[in-house]
Amino acid sequence: MSTDIFERVKKVTVEELDVKAEEVVTEASFTEDLGADSLDVVELVMAFEDEFGIEIPDEEVGEIKTVGNAVDYISKKVAG
Amino acid sequence: MSVLPEPSGRVVVTGVGAVTPLGTGVDVFWPKVIAGESGIRRIQQMENLELYSCQIAGEIPDFEPSDWVDKKDARRMDPFLLYAIAAATMALQDANVTLTDELKDEFGVLIGSGIGGLKSMYEQTKFIHDLKPDRVSPFFVPYMIADMASGLVSIMNDLRGPNHAIVSACSTGANAIGDAYEIIKRGDARMMIAGGSEAPVNPIGVAGFCACRAMTSRNDEPTRASRPFDRDRDGFVMGEGAGTLVLEDRDHALARGAKIYCEIVGYGFSADAYHITSPHPEGRGAAKSMNMALRKAGIEPTAIDYINAHGTSTPVGDPMEIEAVKKVFGEHAYKLAVSSTKSMHGHTLGAAGAIESLICILAMRDGIMPPTINLENQDTDLGINHVPNVAQKRELNYVLNNSFGFGGHNVSLIMTKG
């Protein structure tokens, strides 16, 4: 797992969800642990797209449930 | 479990809250209203002001969104929602009521907005022009729609009674209070938070009202630009803000020993059925609305001591309103007083009726009538007391608030000492 990508995911998550940096750990679920509702998730995904210059199709958003999922998904996209 | 008293059919005001160009909180803004201060300045939150014929407004000084909502919402909520939440929070605190589960079921919210989230509309539309519709925020729709102030105040406080919003342009705030009053009067709720909120100072809002030729162009003298009833008035000055009242069934308020500001006794509303933006030249809708409020209050016109006028400082609107007042009150029009506090806080559109009803209530509480500032050459019947420039002390038993709106809406509310 890329440390750089993790740090950037953490930064975006802290900004978008107004959570503490130490809460943003690999296992943390955006909805269950970090207080995001369905609209927050949409906005968070848009913020990831902006941060990494990628597109995340709606049908793939379901794969991104935890911070770790986001880092893995983005790592693949960036590498690809 | 306590049982709420039976509805009494009478409605009192037990809490007030306001966000205005003269400050946030009644304790901040009311002394400035009495002192005759202006909250009008050169617009701070827009760029390229030289492109606009009107460059001044009543913006909210020192408003900190994160004082009222968490940082996430402070960033993304439209300002009309932030103002409404702030005003409602203050009003609820002022009412000092214990929100039992039983009461929450009988507690409603009716906070309207003349427009809704116009700033959000303006900002998000840019993504469409940039051919990026997928960048529109998921919060755009919920935080733009005009009913969301009522929705959010209900959600934040778990208030489960009647809940909707009213949109009637610049009479929205007064309509909201009037309708909330009738909801309690007929027994559908024991308490309501009611009022209006507006945040129109953004490029599309200012440009739009400039295009209507409704606004002043006295840009070099902001504090002297809003001058209702004065010969040299040349249009209204836009303001932002929110006003909310906590309305309560009288017996409920008495049973809990609440502080009672006043009783609401009359609510009149009507249409001009004449033109989309111009008032009827003889003020027939305005007269009808005042007459209806008097009839429903069951009082003679001579009982009214003070009128807080709609008085926006437009060439056509101000004299029309005074003609309507003379028609309704006859000789008594020369004994009561009619001032327009828009001279100080500007025209806050959908919030105006609520902020100005609140001013009526405080005027009655303190026995002092707020002035119409910038009144140097009275352009209406010289026999009418507009409380020029300096507040006047007077024992007030019945007060009336007028609000009129684009579309030809007219609203009059009558309040008396509780």
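Residues numbered from 1 in each chain as written. Chains lettered and ligands numbered in written order. Predicted model: local features only at pLDDT ≥ 70, side-chain atom pairs only at ≥ 80, totals over all residues. Heavy atoms only, no water.

### Considering the packing of aromatic side chains
- For the structure shown, the criterion picks out 6 aromatic pairs over all chains.
- Ring geometry for Phe30 of chain A against Phe48 of chain A: centres 6.2 Å apart, planes inclined by 55 degrees, an arrangement best described as tilted. Taken together, the residues span a long stretch of sequence, with Phe30 of chain A in the loop between α1 (3-17) and α2 (38-52) and Phe48 of chain A in helix α2 at a distance of 18 residues.
- Judged by relative accessible area, Phe48 of chain A falls into the buried class, the value being 1%.
- Ring centres 5.7 Å apart and planes at 75 degrees place the aromatic pair Phe209 of chain B and Phe236 of chain B in the edge-to-face group. Taken together, the residues span a long stretch of sequence, with Phe209 of chain B in helix α9 (residues 203-211) and Phe236 of chain B in the loop between α10 (222-225) and β7 (241-249) at a distance of 27 residues.
- You can call Phe209 of chain B buried: its relative accessible area is 13%.
- An aromatic cluster of three or more residues is present, and its members are Phe209, Phe236 and Phe406 of chain B.
- The ring of Phe139 of chain B has Arg76 of chain B sitting right over it, with the charged end atom 3.7 Å from the ring centre. (Phe/Tyr/Trp six-rings, centres within 6.5 Å; stacked < 30°, edge-to-face > 60°. Helix = DSSP H or I, 4+ residues; strand = E, 2+ residues; numbered from the N terminus. Buried < 20%, exposed > 50% of the residue type's maximum accessible area, 1.4 Å probe, protein only. Lys NZ or Arg CZ within 6 Å of the ring centre and 35° of its normal.)

### A closer look at the environment of Asp33 of chain A
Residues and elements named next belong to chain A.
- Among the secondary structure elements, Asp33 is positioned in the loop between α1 and α2.
- Judged by relative accessible area, which is 46%, Asp33 ranks as partly exposed.
- Counting along the chain gives 23 residues from Asp33 to Lys10, while the straight-line C-alpha distance between them is 14 Å.
- Excluding residues within four positions of it along the chain, Asp33 makes contact with Glu23, Glu27 and Ala28.
- There is a polar contact of 2.7 Å between the side chain of Asp33 and the backbone nitrogen of Ser29. (Contact = heavy atoms within 4.5 Å. Polar contact = N/O pair within 3.5 Å; in protein donor to acceptor, adjacent residues only side chain to side chain.)

### Overview of the domain arrangement of chain B
Residue and element names in this part refer to chain B.
- With domains assigned, chain B is organised as domain 1 (11-255) and domain 2 (268-416).
- Just the C-alpha atoms count here: the centres of domain 1 and domain 2 sit 21 Å apart.
- Summed over both partners, the interface of domain 1 with domain 2 buries about 4500 Å², with 67% contributed by carbon and sulfur atoms.
- On the domain 1 side of the contact with domain 2, Trp30, Cys170 and Phe229 bury the most area, a combined 20% of that side's loss.
- Ionic pairing is found between Glu376 and Arg224, a salt bridge with its closest N-O pair at 2.9 Å.
- At the junction of domain 1 and domain 2, the tally comes to 23 residue pairs in polar contact (both at pLDDT 80 or more).
- Of all elements in the fold, only β1 (11-20), α1 (26-35), α8 (172-185), β6 (191-198), α10 and β7 reach the threshold of two or more residues within the side of domain 1 that touches domain 2.
- It is α8 that provides the largest number of residues to the side of domain 1 that touches domain 2, a total of 8 residues.
- Looking at the side of domain 1 that touches domain 2, its residues break down into 29 nonpolar, 22 polar and 13 charged. (Domains from an automatic or database assignment. Buried area = accessible area lost by both parts, 1.4 Å probe. Salt bridge = Lys/Arg side-chain N within 4 Å of Asp/Glu carboxyl O. Nonpolar A, V, L, I, M, F, W, Y, C, P; charged D, E, K, R; others polar.)

### Remarks on the nonpolar core
All names here are of chain B.
- Counting 49 residues, the largest nonpolar core has Val13, Phe29, Leu247 and Met415 as its most contacted members.
- No other element matches the 9 residues that helix α15 (residues 352-366) contributes to this core.
- Viewed by domain, this core spans two of them, domain 1 (11-255) and domain 2 (268-416), each represented by three or more residues.
- Excluding its chain neighbours within four sequence positions, the residues that come into contact with Phe29 are Ala18, Thr20, Leu22, Gly23, Ile355, Leu358 and Ile359.
- The next biggest cluster of nonpolar side chains, apart from the first, holds 36 residues, and it includes Phe63, Phe139, Tyr143 and Ile193. (Core = buried A, V, L, I, M, F, W, Y, C linked by side-chain atoms within 4.5 Å.)

### Section: the interface of chain A and chain B
- Counting residues at the interface gives 13 residues for chain A and 12 residues for chain B.
- Buried surface at the junction of chain A and chain B, both sides included, amounts to about 1000 Å², of which 45% is carbon and sulfur.
- Taken together, chain A and chain B are joined by 6 salt bridges.
- Between Glu49 of chain A and Arg135 of chain B there is a salt bridge, and its shortest N-O distance comes to 2.7 Å.
- Scanning the region where chain A abuts chain B turns up 9 residue pairs in polar contact (both at pLDDT 80 or more).
- Sorting the residues of the side of chain A that touches chain B by element identifies α1 and α2 of chain A as the ones contributing at least two each.
- Per element, the largest residue contribution to the side of chain A that touches chain B is 7 residues, and it comes from α2 of chain A.
- For the side of chain A that touches chain B, the class distribution of residues is 4 nonpolar, 1 polar and 8 charged.

### Some thoughts on α9 of chain B
- Those residues of α9 of chain B that fall on the buried side of the exposure criterion are Pro203, Gly205, Val206, Phe209 and Cys210 of chain B.
- Arg213 of chain B lies just past α9 of chain B and shows a positive phi near 60 degrees.

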